[in-house]
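# What the coordinates show
The lines below spell out each chain.
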Amino acid sequence: MLRTPVAAVVSAACALTFAAPAGAATVLVLDPSGQVVERQDGFLPPADPIPSGPRPAARPSPSSGARTSASRRTVRRELARLARTGAIDPATRDRHLATWSAAQKALERLRGRRFRELRAVVANLDDIAARGGLTAGRLPTAFETVARNRQWWTNGPLLPAGRRVGFKGSRLVWQAYPGQGLQIQWLGTFGKANGLFLSGKHDPEFRELLDEAAAHASPRADGVAWESWFWFGGGRPPWASALGQGTAIQALSRGAIRLHTPAYFDLARSALGIFRQAPPRGVRVATKAGAHYLIYSFAPRMRVLNGFVQSLNGLHDFAALANDDEGRALFADGESQLRAEVPDYDTGAWSKYSQTRESDLGYHTLVRDFLRNLCRRLRDDSARAAQAQTTPGAAPRPVPDPGLYCDTASRFTRYLRQRPALELRSATPRTPRARRRVTVPYTLSKISTVTTSVTFRGRRIAGRTVRLDGGRWSLRFTPRKAGTYAVSVRAVDLAGNASRVQGAVRVRPRAAQR
């Protein structure tokens, strides 16, 4: 079978973008002296929003009581065990013990929120050790997280949710998660790597970032993963994400070609493990069509479109750049399932973030961009396949039709300009009367900020302003007198497009008492 020339595939895959940042992101950088400098990072993608209702950062219970305090696994005992069994050398043990002791001493001095943030990080590591999860391969990330949190909360300012920070001498991207301290943001880190790659002018920095991130690849799912070490949306650490992992694989594959470093391909190949295995170790959920790759390994029933699409972009690029058959198979499994899922995320007026809620503006444009990138990849694949057919004896691989992804991305762009559709329905009861509640149903086509208003003789008597998803809603009021009441509903969608509908409800006098 004749293979498509690798050079052509490499050129196309390297040219495709990864949702490049529209502008520079602001990052607070802390130096060893304790000074904080605000810097603009033009390669860093926007910060992820914090999900609603994250788990409180109370110290986890290490065990159910089966172990006594004398036999319970602790961070110190686990480090001693790893050194005793030869998994780490004494110098590594001593270095991490010093980091742990410094954090404990810092907690004795800190108060308020600074104490709570560092305590949460310490408690997470203590819990992982108690459950037997502190392996030699996880030590670099575990103790880097403790050390950087001690450094920040003893020197740096308090931070709002989602604030991106960094440390002088390091290229990793950190983000503030209230109640969970600072955490390495892997999507941001590898997104920045892609930004450096796409600039074409920062290869030394690109290499430094990839090498630093490579040191934090932890053993997982018979491979490696860039794990997150904090409670998030109810998920217990450490957990993995197809979104971050796919972006890591993509950046490493680009680095292997641009920087002439085949070892990056080897690391990316090891990172395929979570795409092979089911949760909670992996992110693969087998389906009739193929497989869905989860945004969170701890949430097997949660389906998020943007994470799924970008994981496939990453797998596609690895398969193309490394000419890897397993990468192609994993991409094909996911793409078959994505093709079945995509229509369910299009409401006809906006995109859905998950099966249960619509996207906010940032996620709407993000998933549009990810779909657009997948469209371009498959179009390029189709063009190469068509060219290969003209070669005698060629047997090109079948390429999925890009039309669904191209058309969906185009509709998502169009929705950014369309006004929300509003329609008032007939009031109930059919014969409204004074001093009895009246309900006026209305339909809304997409997520919007909605202002309802009921006026009587020029005076507003009811109404509210609230953000609502698209669907069927109701305006309720209780008229005190008979007469005609003016009803108004105004909706402004997340892109600023506005619509308004008006109506009237004739209210009859209160029924005579018998």
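Up top is the structure.
A short tour of the structure in this document, coming up. Fair warning: this is a prediction, and the values are worked out from it, not measured in the lab. (Residues numbered from 1 in each chain as written. Predicted model: local features only at pLDDT ≥ 70, side-chain atom pairs only at ≥ 80, totals over all residues. Heavy atoms only, no water.)

It is worth spelling out the overall build of the chain at this point. When you go through the chain residue by residue, the secondary structure sums to 14 helices and 16 strands. The long-range fraction of contacts in the chain, counting pairs at least 24 apart against all pairs at least 6 apart in sequence, stands at 65%. As displayed, the chain offers around 23,100 Å² of accessible surface, 50% of which is attributable to carbon and sulfur atoms. (Helix = DSSP H or I, 4+ residues; strand = E, 2+ residues; numbered from the N terminus. Contact = heavy atoms within 4.5 Å. Areas by Shrake-Rupley, 256 points an atom, 1.4 Å probe, with all protein chains shown as cover.)

Where like charges cluster on the molecular surface, the positive patch consists of Arg-435, Arg-436, Arg-457, Arg-459, Arg-480, Lys-481 and Arg-510. Considering the arrangement of structural elements, one finds Arg-459 in strand E13 (residues 459-468). (Patch = residues over 30% accessible without salt bridge, like charges linked within 9 Å, V, L, I, M, F, W, Y side chains within 5 Å. Salt bridge = Lys/Arg side-chain N within 4 Å of Asp/Glu carboxyl O. Lys, Arg positive; Asp, Glu negative; His and termini not counted. Charge placed at Lys NZ, Arg CZ, Asp CG, Glu CD.)

A separate point is helix H8 (residues 242-258). The first and last C-alpha atoms of H8 sit 24 Å apart over 17 residues, in line with the 24 Å expected at 1.5 Å per residue. The buried count for H8 comes to 15 of 17 residues, which makes it a mostly enclosed element. Measuring from the side-chain oxygen of the N-cap residue of H8 to the backbone nitrogen of Leu-243 gives 3.1 Å; that N-cap residue is Ser-241. Just downstream of H8 lies His-260, where phi reads positive at about 55 degrees. (Expected span 1.5 Å × (residues − 1). Buried < 20%, exposed > 50% of the residue type's maximum accessible area, 1.4 Å probe, protein only. Polar contact = N/O pair within 3.5 Å; in protein donor to acceptor, adjacent residues only side chain to side chain.)

For the pair helix H4 (residues 112-130) and helix H5 (residues 139-155), interaxial distance at closest approach is 10 Å and the crossing angle is 170 degrees. Put simply, H4 runs roughly antiparallel to H5. Contact with H4, carried on its side by Arg-113, Arg-114, Glu-117, Leu-118, Val-121 and Leu-125, involves Ala-142, Phe-143, Thr-145, Val-146, Asn-149, Arg-150, Trp-152 and Trp-153 of H5 and no other residues of that element. (Axes fitted to C-alpha atoms, helices over the stretch in contact; angles between N-to-C directions. Parallel < 35°, antiparallel > 145°, perpendicular 65-115°, else oblique.)

With that settled, the discussion passes to helix H3 (residues 90-109). Across its 20 residues, H3 extends 29 Å between first and last C-alpha, which sits within 8% of the 28 Å expected from 1.5 Å per residue. Within the sequence span of H3, burial applies to Thr-92, His-96, Thr-99, Trp-100, Ala-103, Ala-106 and Leu-107. Angular distribution of buried residues about the axis of H3 spans 120 degrees; they occupy a single face of the element. Exposed side chains of H3 directed beyond 90 degrees from the buried face belong to Lys-105, Glu-108 and Arg-109. Looking at the buried side of H3, the elements it contacts are helix H2 (75-84), H4 and H5. (Arc of directions from axis to C-beta.)

All right, on to the pattern of salt bridges then. Under the counting rule described, the total for this entry stands at 28 salt bridges. The salt bridge partner of Asp-127 is Arg-131, with a shortest N-O separation of 3.1 Å. Under the relative-accessibility criterion, Asp-127 is labelled buried at 2%. Assessed through its relative accessible area of 38%, Arg-131 is described here as partly exposed. Residue Asp-369 is joined to Arg-368 by a salt bridge in which the shortest nitrogen-to-oxygen separation is 2.7 Å. Classification of Asp-369 as partly exposed rests on a relative accessible area of 22%.

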